[in-house]
Amino acid sequence: MTAQAQRADSAPGRNDPCACGSGRKFKHCCARTVGASAPGGVAQAEFRRGSVAERAGRLKEAITAYRVAALVLPQASSRLGHIFAGLGRRSEAVAAFRAAADGSPGDPDRGMDLVRALLLSGDDIAAEAQLRLVLERYPRNSDAQWLHGRILTEWGRFDEAAECYERSLSAAPDKAGAFYDLVRSRRLTKADQPLIDRMSATLRKASLADERLKVHLAMAKALDDLDDHRGAMQQVIKATQVRKSLAIFDRDAMVRHVDALIERFTPEFLAARRRHGDASDLPVMIIGMPRSGTTLVEQILSSHSAVAGAGELHVWSGRDPLLNSAVSEKGLAESQAQTARACLDALRSVSPTADRVTDKNPFNFLSSGLIAAVFPRATIIHCRRHPIDTCLSIAFTYLAPRSDFPADLDDLVFYYRQYARLMAHWRAILPAETFVEIGYESLVADPEGAARRLVGAIGLPWDPACLSPHENKRTVKTNSAWQVRQPIYPTAVERWRRYEPWLGPLRQLAPD
């Protein structure tokens, strides 16, 4: 009997602590909510409640319900894994996916959960091997074919990936995610009109908001490839409307956060904290707005023989003690040391021997002061791109809906201005030798000059391999996996001018 089955036999008891984490007894908590007493009945009811909440974007409620249901139902653990992964809570996602896989090892869907756990753990080779085992037994499993395509895309094997996406769509013609990834695995031509027609038909039938969002964005990319900029922008607008139904951006919370960072990280506070910092120069933090060139910069640097690329890690969010003025001096020093250990452990798990390891999570722009305090010798590379090009590219890209990131174009303009306000603060207080800024436009115009400057900024000798980032064979986990496998090209510079008649709120970011 599996551990999950053992839990199902005895839980949840009426007098047991509720699995939702409230601290109350089960009979006084979720049992009353669902009006059921038998464990199976409670689990099914809670799973249904979680599904409704998840579809409505009420993720806290969904997590609470799924945690109760997961005592009996492996699929509830799977849903927890998906939610945690979307929120960037990687360790919790891995644990949830593994629990789902352990709960029903013969189920192909649970085999897929093991694949997801391995991918999130960074073991892509084992993940692909497990995926092939699933496909040997279930070759028409749409999810397995889709995920296999995504792995192959990350490895730069785009033709094979496209075949997987097509097999996924053959098994499940309305697979929104497969459409999205398929159109991003190559540049479409007029010969792909049947694919566009299939996506249009899917849009008419798609019931789930997240599915509609992905297909609208797939349509937008396809029409952009065909130079139908008006049609592409219409799809983007429809996508932003769907996004807003899934998550409402909290402007006030963003302003409060930026205000708190600026108030806390003064030159005096930073100087005091840097004395307690870790002396390692291993971390190279690549930050900026999403779609600002962070992947390209990491690809250039990780082409160097002494540099490893970690992709997007989630080390720095939630490190609140350094923002709390009530924490003692000892507490602050302990928090710095703990954060340094967590970061170095994460980077060394990527490469035990590299001289530098990059973390290209763009949202670390919010943590630049903290990074400089914890690692005074770390290099922070700020990627800058024309604000409208940046925001237009974001609008074309699928990002999991979340309350701390904008859903529509008005909010995106607001978010960009808060980002710019914070970056002006970091620019003013962080040392120029460790806070390096690189413009996407200058990088594209002079790749060798920019690459030499980047390598010099991290204190390493020049490596000619940095001139051929498209030949870098590392796994690239990004929406721009196809683009970074191409030679550096200038066509994305001033892309916004092709959309000028339809920019709407983004026009506010145009230079004076």
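Conventions we followed
Residues numbered from 1 in each chain as written. Predicted model: local features only at pLDDT ≥ 70, side-chain atom pairs only at ≥ 80, totals over all residues. Heavy atoms only, no water. Core = buried A, V, L, I, M, F, W, Y, C linked by side-chain atoms within 4.5 Å. Buried < 20%, exposed > 50% of the residue type's maximum accessible area, 1.4 Å probe, protein only. Helix = DSSP H or I, 4+ residues; strand = E, 2+ residues; numbered from the N terminus. Contact = heavy atoms within 4.5 Å. pLDDT = per-residue confidence, 0-100.

*Asks:* So, the nonpolar core: which residues are in play, and what are the values?
*Replies:* With 64 residues, the main nonpolar core has W316, F365, W426 and L506 as its most contacted residues. At 10 residues, helix α21 (residues 409-429) tops the list of elements feeding residues into this core. Look past the residues within four positions of W426 in its chain and what remains in contact with it is L261, F265, F365, L366, S368, G369 and F435. Among the nonpolar cores identified, the runner-up in size contains 41 residues, and A144, A178, L195 and L217 belong to it.

*Asks:* Let's hear about unusual backbone geometry: which residues, and what values?
*Replies:* At D227, a position not held by glycine, the phi torsion is positive, near 65 degrees. As for its position among the elements, D227 is in the loop between α13 (209-225) and α14 (229-246). For D227, a relative accessible area of 52% gives the class exposed.

*Asks:* Could you give an account of the side chain of R110, naming the residues involved and the relevant values?
*Replies:* Checked against the element boundaries, R110 lands in helix α7 (residues 108-120). R110 has contacts with P74, Q75, S78, A100, A101 and S104, leaving out every residue within four places of it along the chain.

*Asks:* Describe the confidence of the model for the protein chain, and please don't skip the residues or the numbers.
*Replies:* Close inspection of predicted coordinates is inappropriate in any region flagged by low pLDDT. Residues with a pLDDT of 70 or more make up 86% of the protein chain, whose mean pLDDT is 86. Averaged pLDDT values over the elements of the protein chain bottom out at 36 in helix α1 (residues 3-10) and peak at 98 in strand β4 (residues 379-384). Across residues 1-12, where pLDDT falls below 50, the model places 25 contacts with residues more than four positions away in sequence or in other chains. Below pLDDT 50 for its whole length, residues 32-38 participates in 9 contacts with residues either more than four positions away or in separate chains.

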